[in-house]
Amino acid sequence: MNASPTAPESAADTDISSSASSAPTRPVNFLRAVLALGVGGFAIGTGEFVIMGLLPEVARDISVTIPQAGHVISAYALGVVIGAPVLAVLAAGWRRRALLIALMAIFAAGNFASAMAPGYMSLNLLRFATGLPHGTYFGVAALVAATLAPPGRRARAVGLVMLGLTGATLVGVPIAAWLGQSFGWRAAFVFVGVIALVAVALLRRDIPDLAAPAGASPWRELGALKRKQVWFTLGIGAIGFGGMFSVFSYIKPTLIEVAGLPLGGVPFVLALFGLGMVTGNLVGSRLADKSLMRTIGGLLVYAALVLAMFTFAAHNVYTAAFNVFLIGTTVAIGPALQIRLMDVAGDAQTLAAALNHSAFNMANALGAWLGGVAIAAGLGWTSTGWVGALLALAGIGIFGWAVMSARAGNRQGGRLEAT
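Predicted model only: the values in this text are computed from it and were never measured.

Trainee: Give me the environment of Val-387: which residues, what numbers.
Mentor: The topology assignment puts Val-387 in helix α19 (residues 383-411). Residues Val-387 and Thr-311, 76 residues apart in the sequence, show an inter-C-alpha distance of 9.9 Å. Ignoring sequence-local partners within four residues, the contact set of Val-387 consists of Ser-246, Leu-370, Gly-371 and Ala-374.

Given below as structure tokens:
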């Protein structure tokens, strides 16, 4: 494996199997365990994204405008951003299986309650509450998957868990959207709640009863926030990954107004985006297992090129569709950043791993906002591609800063991190 520099504060970069939790006390079927974790991710991904295609139905039912109905998306994202660090710290000492089951049960209850929300305010509050377990679930699931993974396959194990999230955009969201359009938007949330209950059953059956790391405590988890490399990695996710959302948030009007795509063709192109996410997740996790830091840097450069290309490709239906697929593949950086956070967090991995998903939701908000600013400024629908490329370039800058900081630390007596 290649050696990459890391900051001296990451001296606790020990094997995940020893630092994340205790070893399982009984034989574990790795594939069944990862499947259980992935079904939970599938439920969360479906619940997060399906609402975007049902805003007109929601707005009509609760008597608000479509932009007001869109606030429920922001409420969920805010729940993710806040819930990830808070729950990760408060539940630092919980046994891993019990914590995963509790988080998924909260998510299930939130979706069932959302389906019964009587109005605008209650729906926003319930979507906020439903988003709270999102980041902590994925953070803990990634740690458990890495603990159970065969040697040299940590990133691929995390990628398989994330496959549930990316796969939801390809399978779960279309099914839930069809249910919502056929039987009312509330049926979509009931569907998500049922999937979450299935995940609870699978987690109980297939996840070993792993203990939290020895000495785990809220104060020790907060120690992750003292590590510069943790902040660098979160910055790469929050800024460098925002480009995908700057384009995707406005993909429907761009395809129709610029590429001339018929309305009926939009679901096909969105399916290509989902396929790109699945492909990127699988490929990116394999690359990360071979060379973590090179994968992160290379994928940021790739994202900048693909996003800049959209400005030109968007003028033709076929090139636009292919470019949307490529933009979906930029999610490949997700497993790599997740593993990087585990490696630099020392003995505060639960908080760091959960914060990865707070960073991604901040990327969602930042990318969508900046893309909207560019469009509102009269720069055109395709300007979101340039916005995305600039965000990726900013991510490259943060990555370079992180590498230089790590090398400086090594010269002062640190050590090289094997990646």
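Next comes the rest of the write-up.
Trainee: Tell me about the layout of surface pockets, residues and numbers included.
Mentor: Gaps left between atoms show up when a probe the size of a water molecule is rolled over them. In this structure, the largest pocket occupies an estimated 1600 Å³ of space. Contributing to the lining of the largest pocket are 46 residues, with Phe-49, Met-52, Gly-53, Phe-248 and Ser-249 lying nearest its centre. Here the residues of the lining of the largest pocket sort into 33 nonpolar, 9 polar and 4 charged.

Trainee: Can you tell me about unusual backbone geometry, naming the residues and giving the values?
Mentor: Negative phi is the rule for most residues except glycine; trans is the rule for most peptide bonds. Of note, Ser-63 is a non-glycine position whose phi angle comes to about 60 degrees, a positive value. Mapping Ser-63 onto the fold places it in the loop between α3 (55-62) and α4 (66-69).

Trainee: How would you sum up the packing of aromatic side chains? Please name residues and give values.
Mentor: Counting across every chain of the model gives 9 aromatic pairs. Centre to centre, the rings of Tyr-137 and Phe-138 are 5.8 Å apart; their planes meet at 80 degrees, and the pair counts as edge-to-face. There is no split in this pair, since Tyr-137 and Phe-138 are both buried. Members of the aromatic cluster, each reached through a chain of ring pairs, are Phe-241, Phe-245 and Phe-360.

Trainee: Which residues make up the packing of helix α8 (residues 154-183) against helix α14 (residues 266-290), and what values do they have?
Mentor: Running from N to C, α8 and α14 cross one another at 175 degrees; their axes reach a closest spacing of 8 Å. Classified by the angle their axes make, α8 and α14 are roughly antiparallel. Facing α8, whose interface residues are Arg-154, Ala-155, Arg-156, Gly-159, Met-162, Leu-163, Thr-166, Gly-167, Thr-169 and Leu-170, α14 presents Ala-271, Gly-274, Leu-275, Met-277, Val-278, Asn-281, Leu-282, Ser-285, Arg-286, Ala-288 and Asp-289. Here the residues of the contact of α8 with α14 sort into 10 nonpolar, 7 polar and 4 charged.

Trainee: Could you give an account of empty space enclosed by the protein, naming the residues involved and the relevant values?
Mentor: Across all of its chains, the model carries 3 cavities of 30 Å³ or more by this definition. In this structure, the largest cavity encloses a volume near 240 Å³. What lines the largest cavity is a set of 18 residues, among which Phe-49, Leu-165, Phe-241, Phe-245 and Phe-360 lie closest to the centre. Sorting the residues of the lining of the largest cavity by element identifies α2 (30-49), α8, α12 (242-248), α14 and α18 (349-376) as the ones contributing at least two each. A class-by-class count of the residues in the lining of the largest cavity yields 11 nonpolar, 6 polar and 1 charged. Counted as a void, the second largest cavity has a volume near 70 Å³. If you go around the second largest cavity, the residues you meet are Gly-240, Phe-241, Gly-242, Gly-243, Met-244, Leu-299, Leu-300, Ala-303, Leu-307, Thr-330 and Ile-333. For the lining of the second largest cavity, the secondary-structure elements that each account for two or more residues are α12 and α15 (292-313). With 4 residues, the top contributor of residues to the lining of the second largest cavity is α15.

Trainee: Account for a nonpolar patch on the surface, with residues named and values stated.
Mentor: A cluster of nonpolar side chains, contributed by Leu-78, Ile-82, Val-86 and Leu-90, occupies part of the molecular surface with about 350 Å² of accessible area. Within the secondary structure, Leu-78 sits in helix α5 (residues 71-90). Look at Leu-78 and you get partly exposed, because its relative accessible area is 44%.

Trainee: Report on the environment of Arg-204, specifying residues and quantitative values.
Mentor: Mapped onto the elements of the fold, Arg-204 is located in helix α9 (residues 185-206). For the pair Arg-204 and Arg-97, spaced 107 residues apart in the sequence, the C-alpha separation amounts to 7.0 Å. If we skip the residues at most four places from it in the chain, Arg-204 touches Arg-97 and Ile-101.

Quick notes on the rules
- Residues numbered from 1 in each chain as written.
- Predicted model: local features only at pLDDT ≥ 70, side-chain atom pairs only at ≥ 80, totals over all residues.
- Heavy atoms only, no water.
- Helix = DSSP H or I, 4+ residues; strand = E, 2+ residues; numbered from the N terminus.
- Contact = heavy atoms within 4.5 Å.
- 1 Å grid on protein atoms, 1.4 Å probe; cavity = no way out; pocket = protein on both sides within 12 Å on 5 of 7 lines; lining within 4 Å.
- Points joined across faces, edges and corners; volume = space filled by probe spheres on them.
- Nonpolar A, V, L, I, M, F, W, Y, C, P; charged D, E, K, R; others polar.
- Phe/Tyr/Trp six-rings, centres within 6.5 Å; stacked < 30°, edge-to-face > 60°.
- Buried < 20%, exposed > 50% of the residue type's maximum accessible area, 1.4 Å probe, protein only.
- Axes fitted to C-alpha atoms, helices over the stretch in contact; angles between N-to-C directions.
- Parallel < 35°, antiparallel > 145°, perpendicular 65-115°, else oblique.
- Patch = residues over 30% accessible without salt bridge, like charges linked within 9 Å, V, L, I, M, F, W, Y side chains within 5 Å.
- Areas by Shrake-Rupley, 256 points an atom, 1.4 Å probe, with all protein chains shown as cover.
- Salt bridge = Lys/Arg side-chain N within 4 Å of Asp/Glu carboxyl O.

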